[in-house]
Amino acid sequence: MSDEPAVRVTGLAKCFGDLKVLCGIDLSVATGEVVCVIGPSGSGKSTLLRCVNLLEEPDEGSVVVGGVDLTHEDSDIDAARRKIGMVFQSFNLFAHLTVLNNLTVAQRKVLGRDRAEANRVALANLEKVGLLEKANAMPAQLSGGQQQRVAIARALSMGPEVMLFDEPTSALDPELVGDVLEVMRDLADEGMTMLVVTHEMHFAREVADRVLFMDGGVVVEEGPAEQVIGAPEHERTRTFLARVLDPIHRVE
(Lines give C-alpha, C1' and ligand atoms only; values in the text may rest on other atoms or scores of the structure.)
Protein backbone atom coordinates (compact mmCIF):
# COMPACT_ATOMS: atom_id res chain seq x y z
CA MET A 1 0.00 0.00 0.00
CA SER A 2 1.27 3.48 -0.87
CA ASP A 3 1.29 6.40 1.56
CA GLU A 4 -1.17 8.48 -0.49
CA PRO A 5 -4.73 7.16 -0.02
CA ALA A 6 -6.50 5.94 -3.13
CA VAL A 7 -9.62 7.66 -1.78
CA ARG A 8 -9.73 10.53 0.72
CA VAL A 9 -13.05 12.01 1.82
CA THR A 10 -12.97 15.06 4.12
CA GLY A 11 -15.88 16.80 5.83
CA LEU A 12 -18.43 15.32 3.43
CA ALA A 13 -21.98 16.59 3.93
CA LYS A 14 -25.10 15.98 1.86
CA CYS A 15 -28.72 17.02 2.30
CA PHE A 16 -31.84 16.15 0.36
CA GLY A 17 -34.15 19.03 1.13
CA ASP A 18 -34.38 19.26 4.91
CA LEU A 19 -33.03 15.72 5.38
CA LYS A 20 -29.38 15.66 6.37
CA VAL A 21 -28.04 12.38 4.96
CA LEU A 22 -24.29 12.82 5.50
CA CYS A 23 -22.91 14.88 8.37
CA GLY A 24 -19.22 15.62 7.95
CA ILE A 25 -17.82 12.24 6.91
CA ASP A 26 -14.06 11.70 6.98
CA LEU A 27 -12.81 8.56 5.25
CA SER A 28 -9.64 7.30 3.63
CA VAL A 29 -9.02 4.10 1.71
CA ALA A 30 -5.42 3.06 1.12
CA THR A 31 -4.29 1.61 -2.18
CA GLY A 32 -5.02 -2.11 -2.10
CA GLU A 33 -7.28 -1.84 0.95
CA VAL A 34 -10.79 -3.29 1.23
CA VAL A 35 -13.13 -1.15 3.33
CA CYS A 36 -16.67 -2.36 4.03
CA VAL A 37 -19.39 0.07 5.12
CA ILE A 38 -22.23 -1.41 7.16
CA GLY A 39 -25.25 0.06 8.88
CA PRO A 40 -29.04 0.22 8.85
CA SER A 41 -31.08 1.36 5.86
CA GLY A 42 -31.15 5.14 5.64
CA SER A 43 -27.83 5.58 7.42
CA GLY A 44 -26.20 7.28 4.42
CA LYS A 45 -24.07 4.38 3.16
CA SER A 46 -25.16 4.43 -0.47
CA THR A 47 -25.16 8.23 -0.61
CA LEU A 48 -21.57 8.20 0.63
CA LEU A 49 -20.61 5.82 -2.16
CA ARG A 50 -22.42 7.89 -4.78
CA CYS A 51 -20.65 11.02 -3.57
CA VAL A 52 -17.26 9.35 -4.02
CA ASN A 53 -17.71 9.34 -7.81
CA LEU A 54 -19.98 12.42 -7.82
CA LEU A 55 -23.14 10.65 -8.91
CA GLU A 56 -24.39 12.78 -6.02
CA GLU A 57 -22.77 16.18 -5.61
CA PRO A 58 -21.71 16.88 -2.01
CA ASP A 59 -22.98 20.04 -0.34
CA GLU A 60 -19.77 20.37 1.66
CA GLY A 61 -16.39 18.69 1.85
CA SER A 62 -13.96 17.19 -0.64
CA VAL A 63 -13.47 13.88 -2.43
CA VAL A 64 -9.98 13.04 -3.69
CA VAL A 65 -9.48 9.90 -5.81
CA GLY A 66 -6.07 8.98 -7.17
CA GLY A 67 -4.73 12.37 -6.12
CA VAL A 68 -7.44 14.29 -8.03
CA ASP A 69 -9.93 16.44 -6.13
CA LEU A 70 -13.22 15.60 -7.83
CA THR A 71 -14.98 18.35 -5.92
CA HIS A 72 -12.67 21.11 -7.17
CA GLU A 73 -14.39 23.29 -9.73
CA ASP A 74 -11.53 22.93 -12.23
CA SER A 75 -11.37 19.12 -12.08
CA ASP A 76 -12.07 16.99 -15.13
CA ILE A 77 -14.70 14.82 -13.47
CA ASP A 78 -15.13 12.50 -16.45
CA ALA A 79 -11.40 11.77 -16.55
CA ALA A 80 -11.30 11.17 -12.80
CA ARG A 81 -14.31 8.86 -12.95
CA ARG A 82 -12.46 6.61 -15.38
CA LYS A 83 -10.33 5.54 -12.42
CA ILE A 84 -13.45 4.43 -10.54
CA GLY A 85 -15.51 1.33 -11.27
CA MET A 86 -18.97 1.08 -9.74
CA VAL A 87 -21.29 -1.88 -9.30
CA PHE A 88 -24.87 -1.14 -8.25
CA GLN A 89 -27.62 -3.12 -6.54
CA SER A 90 -29.36 -3.43 -9.91
CA PHE A 91 -27.24 -4.74 -12.72
CA ASN A 92 -27.85 -1.89 -15.22
CA LEU A 93 -26.90 -3.98 -18.24
CA PHE A 94 -28.04 -2.91 -21.69
CA ALA A 95 -30.83 -5.39 -22.42
CA HIS A 96 -30.49 -5.04 -26.21
CA LEU A 97 -26.76 -5.82 -26.27
CA THR A 98 -24.96 -9.13 -25.90
CA VAL A 99 -22.80 -9.69 -22.82
CA LEU A 100 -19.67 -9.03 -24.89
CA ASN A 101 -21.06 -5.79 -26.30
CA ASN A 102 -22.08 -4.66 -22.81
CA LEU A 103 -18.39 -4.90 -21.90
CA THR A 104 -17.00 -3.24 -25.01
CA VAL A 105 -19.28 -0.26 -25.69
CA ALA A 106 -17.80 2.01 -22.99
CA GLN A 107 -14.25 0.88 -23.74
CA ARG A 108 -14.67 2.01 -27.34
CA LYS A 109 -16.67 5.19 -26.76
CA VAL A 110 -14.91 6.45 -23.62
CA LEU A 111 -11.40 4.97 -23.79
CA GLY A 112 -11.11 4.95 -27.59
CA ARG A 113 -10.03 1.32 -27.85
CA ASP A 114 -10.47 -0.42 -31.16
CA ARG A 115 -12.82 -3.39 -31.45
CA ALA A 116 -10.09 -6.03 -31.23
CA GLU A 117 -8.52 -4.58 -28.07
CA ALA A 118 -11.91 -3.99 -26.42
CA ASN A 119 -12.92 -7.59 -27.17
CA ARG A 120 -9.63 -8.91 -25.78
CA VAL A 121 -10.06 -7.00 -22.52
CA ALA A 122 -13.74 -7.96 -22.25
CA LEU A 123 -13.12 -11.67 -22.78
CA ALA A 124 -10.30 -11.66 -20.23
CA ASN A 125 -12.61 -10.12 -17.64
CA LEU A 126 -15.47 -12.47 -18.46
CA GLU A 127 -13.05 -15.33 -17.85
CA LYS A 128 -12.05 -13.71 -14.55
CA VAL A 129 -15.68 -13.79 -13.35
CA GLY A 130 -16.28 -17.29 -14.71
CA LEU A 131 -18.61 -16.35 -17.57
CA LEU A 132 -16.49 -16.60 -20.72
CA GLU A 133 -19.00 -19.03 -22.24
CA LYS A 134 -21.76 -16.41 -21.92
CA ALA A 135 -20.07 -13.80 -24.13
CA ASN A 136 -22.71 -14.04 -26.86
CA ALA A 137 -25.70 -14.40 -24.53
CA MET A 138 -28.26 -11.67 -23.94
CA PRO A 139 -28.73 -10.37 -20.37
CA ALA A 140 -32.27 -11.82 -20.21
CA GLN A 141 -30.78 -15.29 -20.67
CA LEU A 142 -28.69 -14.95 -17.49
CA SER A 143 -29.54 -15.43 -13.84
CA GLY A 144 -29.35 -12.43 -11.52
CA GLY A 145 -26.04 -13.61 -10.14
CA GLN A 146 -24.61 -14.01 -13.61
CA GLN A 147 -25.82 -10.53 -14.59
CA GLN A 148 -24.11 -9.05 -11.54
CA ARG A 149 -20.87 -10.83 -12.39
CA VAL A 150 -21.14 -9.39 -15.92
CA ALA A 151 -21.61 -5.95 -14.36
CA ILE A 152 -18.40 -6.48 -12.36
CA ALA A 153 -16.55 -7.59 -15.50
CA ARG A 154 -17.84 -4.52 -17.33
CA ALA A 155 -16.51 -2.22 -14.60
CA LEU A 156 -13.15 -4.03 -14.60
CA SER A 157 -12.87 -3.68 -18.37
CA MET A 158 -12.41 0.07 -17.93
CA GLY A 159 -9.21 -0.54 -15.94
CA PRO A 160 -10.29 1.15 -12.69
CA GLU A 161 -7.93 1.93 -9.82
CA VAL A 162 -10.79 1.79 -7.30
CA MET A 163 -13.94 -0.34 -7.26
CA LEU A 164 -17.12 0.80 -5.50
CA PHE A 165 -19.79 -1.79 -4.68
CA ASP A 166 -23.23 -0.62 -3.55
CA GLU A 167 -24.88 -3.65 -1.90
CA PRO A 168 -24.08 -5.79 -4.95
CA THR A 169 -25.87 -8.89 -3.63
CA SER A 170 -29.01 -7.32 -2.15
CA ALA A 171 -31.15 -7.95 -5.24
CA LEU A 172 -30.07 -11.59 -5.61
CA ASP A 173 -31.73 -14.79 -4.50
CA PRO A 174 -29.75 -16.25 -1.59
CA GLU A 175 -28.36 -19.17 -3.60
CA LEU A 176 -26.85 -16.76 -6.15
CA VAL A 177 -25.01 -14.57 -3.66
CA GLY A 178 -21.99 -16.83 -3.18
CA ASP A 179 -20.69 -16.64 -6.75
CA VAL A 180 -20.71 -12.83 -6.71
CA LEU A 181 -18.95 -12.68 -3.34
CA GLU A 182 -16.35 -15.15 -4.59
CA VAL A 183 -15.51 -12.83 -7.49
CA MET A 184 -15.16 -9.97 -5.02
CA ARG A 185 -12.91 -12.08 -2.78
CA ASP A 186 -10.68 -12.81 -5.77
CA LEU A 187 -10.44 -9.10 -6.58
CA ALA A 188 -9.46 -8.36 -2.98
CA ASP A 189 -6.81 -11.10 -3.13
CA GLU A 190 -5.41 -9.50 -6.30
CA GLY A 191 -4.99 -6.18 -4.46
CA MET A 192 -7.89 -4.20 -5.92
CA THR A 193 -8.79 -1.14 -3.84
CA MET A 194 -12.43 -1.63 -2.85
CA LEU A 195 -15.08 0.37 -0.98
CA VAL A 196 -18.04 -1.92 -0.36
CA VAL A 197 -21.46 -1.12 1.08
CA THR A 198 -22.83 -4.47 2.20
CA HIS A 199 -25.16 -6.37 4.50
CA GLU A 200 -23.05 -9.52 4.10
CA MET A 201 -21.42 -9.58 7.53
CA HIS A 202 -19.51 -12.82 6.93
CA PHE A 203 -17.95 -11.35 3.79
CA ALA A 204 -17.06 -8.13 5.62
CA ARG A 205 -15.50 -10.03 8.50
CA GLU A 206 -13.55 -12.34 6.20
CA VAL A 207 -12.40 -9.95 3.45
CA ALA A 208 -12.38 -6.38 4.76
CA ASP A 209 -9.21 -4.79 6.08
CA ARG A 210 -11.42 -2.25 7.83
CA VAL A 211 -15.12 -1.88 8.60
CA LEU A 212 -17.10 1.35 9.09
CA PHE A 213 -20.43 1.29 10.87
CA MET A 214 -22.65 4.22 9.87
CA ASP A 215 -25.87 5.45 11.42
CA GLY A 216 -27.68 8.77 11.07
CA GLY A 217 -25.23 10.09 8.49
CA VAL A 218 -22.12 9.71 10.65
CA VAL A 219 -19.43 7.08 11.15
CA VAL A 220 -20.23 5.67 14.59
CA GLU A 221 -17.38 3.18 14.73
CA GLU A 222 -14.54 1.99 12.54
CA GLY A 223 -11.63 -0.39 12.83
CA PRO A 224 -10.42 -3.85 11.84
CA ALA A 225 -13.25 -6.15 10.79
CA GLU A 226 -12.71 -8.53 13.68
CA GLN A 227 -12.98 -5.68 16.16
CA VAL A 228 -16.03 -3.87 14.74
CA ILE A 229 -18.03 -7.00 13.94
CA GLY A 230 -16.61 -9.35 16.55
CA ALA A 231 -16.27 -7.01 19.53
CA PRO A 232 -17.92 -3.63 18.81
CA GLU A 233 -17.37 -0.83 21.31
CA HIS A 234 -20.54 1.18 20.71
CA GLU A 235 -23.98 0.10 21.88
CA ARG A 236 -25.56 1.22 18.60
CA THR A 237 -23.17 -1.05 16.67
CA ARG A 238 -23.90 -3.96 19.01
CA THR A 239 -27.66 -3.51 18.61
CA PHE A 240 -27.41 -3.39 14.82
CA LEU A 241 -25.21 -6.48 14.63
CA ALA A 242 -27.46 -8.40 17.00
CA ARG A 243 -30.41 -7.74 14.70
CA VAL A 244 -28.48 -8.60 11.55
CA LEU A 245 -26.61 -11.67 12.79
CA ASP A 246 -29.51 -13.19 14.74
CA PRO A 247 -32.71 -11.76 13.24
CA ILE A 248 -35.01 -14.46 14.65
CA HIS A 249 -34.04 -13.81 18.27
CA ARG A 250 -33.49 -10.07 18.05
CA VAL A 251 -34.74 -7.90 20.87
CA GLU A 252 -37.61 -5.64 19.81
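Not measured: the values here are computed from a predicted model.

### Some words on the pairing of strand S3 (residues 34-38)
Part 1 of the argument: Of all five residues in S3, five are buried, a share of seventy percent or more.
Part 2 of the argument: Taking every second residue as pointing to the same face, both faces of S3 are buried, with Val34, Cys36 and Ile38 on one and Val35 and Val37 on the other.

### Focus on the pairing of strand S2 (residues 19-29)
Part 1 of the argument: Pairing geometry for strand S1 (residues 7-16) and S2, over eight bridges, is antiparallel. Paired with cysteine 15 across the strands is lysine 20, a residue of S2.
Part 2 of the argument: Linking S1 back to S2 in an antiparallel pair, the connection comprises two residues, with glycine 17 at a positive phi of about 65 degrees.

### Section: the sheet that holds strand S9 (residues 210-215)
Part 1 of the argument: Spatial ordering of the open sheet is given by S6-S7-S8-S3-S9-S10, a layout of six strands whose pairing is mixed. A single partner strand is all that each edge strand has here, and the edge strands are strand S6 (84-87) and strand S10 (218-223). Each adjacent strand pair in this sheet contributes to an overall mean axis angle of 15 degrees, direction not counted.
Part 2 of the argument: Sheet topology note: the strand S7 (residues 162-166)/strand S8 (residues 193-197) ladder contains five bridges and is parallel. Looking at S8, one finds that aspartate 166 is bridged to valine 197.
Part 3 of the argument: Its contacts with the sheet place helix H5 (residues 144-156) against S6 and S7, and it is angled at close to 170 degrees to S6.
Part 4 of the argument: On the sheet, helix H6 (residues 174-189) packs against S3, S7 and S8 and is oriented at approximately 145 degrees with respect to S8.

### Quick word on the environment of alanine 208
Part 1 of the argument: In this structure, alanine 208 sits in the loop between helix H7 (201-207) and S9.
Part 2 of the argument: When its relative accessible area of 11% is taken as the criterion, alanine 208 is described as buried.
Part 3 of the argument: Measuring from C-alpha to C-alpha, the distance between alanine 208 and aspartate 114 comes to 36 Å, with 94 residues separating the pair along the chain.
Part 4 of the argument: Setting aside residues no more than four positions away along its own chain, alanine 208 makes contact with Val34, Cys36, Phe203 and Ala225.

### Some points on the sheet that holds strand S5 (residues 68-69)
Part 1 of the argument: If you walk across this open sheet you meet the four strands as S2-S1-S4-S5, and the pairing is antiparallel. Edge strands, defined here as strands with exactly one partner in the open sheet, are S2 and S5.
Part 2 of the argument: Direction of pairing for S1 relative to strand S4 (residues 60-65): antiparallel, over a ladder of five bridges. Directly across from valine 7, in S4, lies its bridge partner valine 65.
Part 3 of the argument: Against the sheet, helix H1 (residues 45-52) engages S1, S2 and S4, with an angle of about 120 degrees to S1.

### Observations regarding the UniProt feature "domain: ABC transporter" (unreviewed entry) in the protein chain
Part 1 of the argument: The feature "domain: ABC transporter" (unreviewed entry), as given by UniProt, occupies residues 7-241 in the numbering adopted here.
Part 2 of the argument: Overall, residues 7-241 shows 37% helix and 26% strand. The separation of its end C-alpha atoms is 27 Å.

### Side note on the packing of H5 against H6
The relative placement of two packed helices is expressed as an angle between their axes plus a distance between the axes.
Part 1 of the argument: Running from amino to carboxyl end, H5 crosses H6 at an angle of 20 degrees, the nearest separation of the two axes being 8 Å. Looking at the two axes, H5 sits roughly parallel to H6. Between H5 and H6 lies a crossing whose hand is right-handed. Counting all contacts with H5, which are made through Gly144, Gly145, Gln148, Arg149, Ile152 and Leu156, the residues of H6 involved are Leu176, Asp179, Val180, Val183, Met184 and Leu187.

Conventions adopted
- Residues numbered from 1 in each chain as written.
- Predicted model: local features only at pLDDT ≥ 70, side-chain atom pairs only at ≥ 80, totals over all residues.
- Heavy atoms only, no water.
- Buried < 20%, exposed > 50% of the residue type's maximum accessible area, 1.4 Å probe, protein only.
- Helix = DSSP H or I, 4+ residues; strand = E, 2+ residues; numbered from the N terminus.
- Pairing = 2+ DSSP bridges.
- Axes fitted to C-alpha atoms, helices over the stretch in contact; angles between N-to-C directions.
- Contact = heavy atoms within 4.5 Å.
- UniProt positions renumbered as here; feature names shortened; annotations may be inferred.
- Parallel < 35°, antiparallel > 145°, perpendicular 65-115°, else oblique.
- Left-handed = near helix turned anticlockwise from the far one by under 90°.

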